Amino acid sequence: MDCLFCAIIKGDIPSGKVYEDEYCYAFMDINPQAPKHCLIVPKLHIASADEITEENSVYVSKIFEAVPKVAKLLDLSDGYRIISNVGEHGCQSVKHLHFHILGGKKLSENMG
Ligand code: 5GP
Ligand code: ZN
């Protein structure tokens, strides 16, 4: 399957790795929308949050267990925002589930 984030997880495409465990991989976004902008993705290909099921949701819970570790590694003690875009209206451009972690400044109150 031709998936950019699966290729990044495999190491076929280089990325600025922040954190990795058995279930997830976190790396810096190539086009940052905040001073610190990281992506966390499951190591299992799940197309979007709309494809989360009872069978694959362990990957999602493991991602959220990793979030505080990633935030610490990025020095985001003042806070951050987690976003997952879904489908056309959500402006999802890469069809592999990912959670944006944005921080490093006070973010806009406008989310949409
Ligand atoms: P989406 O728009 O699907 O929610 O987010 C996809 C994100 O992936 C975008 O923020 C984009 O900058 C990032 N991205 C796209 N291609 C690459 C890449 O090759 N490497 C990295 N590190 N990030 C990428
Ligand atoms: Zn994938």
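Quick caveat: nothing in here was measured; it's all calculated off a predicted structure.

Parameters at a glance
- Residues numbered from 1 in each chain as written.
- Chains lettered and ligands numbered in written order.
- Predicted model: local features only at pLDDT ≥ 70, side-chain atom pairs only at ≥ 80, totals over all residues.
- Heavy atoms only, no water.
- Near = heavy atom within 4 Å.
- Polar contact = N/O pair within 3.5 Å; in protein donor to acceptor, adjacent residues only side chain to side chain.
- Areas by Shrake-Rupley, 256 points an atom, 1.4 Å probe, with all protein chains shown as cover.
- 1 Å grid on protein atoms, 1.4 Å probe; cavity = no way out; pocket = protein on both sides within 12 Å on 5 of 7 lines; lining within 4 Å.
- Sits in = over half its atoms within 2 Å of the grid points.
- Helix = DSSP H or I, 4+ residues; strand = E, 2+ residues; numbered from the N terminus.
- Salt bridge = Lys/Arg side-chain N within 4 Å of Asp/Glu carboxyl O.
- Buried < 20%, exposed > 50% of the residue type's maximum accessible area, 1.4 Å probe, protein only.
- Phe/Tyr/Trp six-rings, centres within 6.5 Å; stacked < 30°, edge-to-face > 60°.

A. Up close: the site of ligand 1. Around ligand 1 sit 16 residues, and of these Met28, Asp29, Asn85, Ser93 and His100 come closest. Residue Met28 places a main-chain N or O atom 2.9 Å away from a nitrogen atom belonging to ligand 1. Burial of ligand 1 by the protein amounts to 83% of the accessible area it has alone, namely 520 Å². Here ligand 1 occupies the largest pocket. Secondary structure elements with two or more residues in the shell around ligand 1: helix H1 (4-10) and strand E2 (24-28). With three residues, H1 is the largest single contributor of residues to the shell around ligand 1.

B. Highlighting the pattern of salt bridges. Using the criterion set out here, one finds four salt bridges in the structure. As a salt-bridge pair, Asp12 and Lys10 come within 3.7 Å of each other at their nearest N and O atoms. Taking relative accessible area as the criterion, Asp12 reaches 53% and is therefore assigned exposed. Among the residues examined, Lys10 registers a relative accessible area of 64% and is labelled exposed. Lys43 is the partner of Glu20 in a salt bridge, and the nearest nitrogen-oxygen pair spans 2.8 Å. One end of the pair, Glu20, is in strand E1 (residues 17-20); the other, Lys43, is in the loop between strand E3 (36-42) and helix H2 (57-73), and 23 residues separate them in sequence. Looking at Lys43, the relative accessible area reads 29%, which means it is partly exposed.

C. Representation of the packing of aromatic side chains in the model. All chains considered together, the criterion is met by four aromatic pairs. Pairing Tyr25 with Phe27 gives two aromatic rings, centres 5.7 Å apart and planes at 35°, and the pair type is tilted. Per residue, the accessibility class of Tyr25 equals that of Phe27, and both read buried. Aromatic rings pair up to connect Phe5, Tyr25 and Phe27 into one cluster.

Remember, this is a structural readout, not a statement about activity or role.
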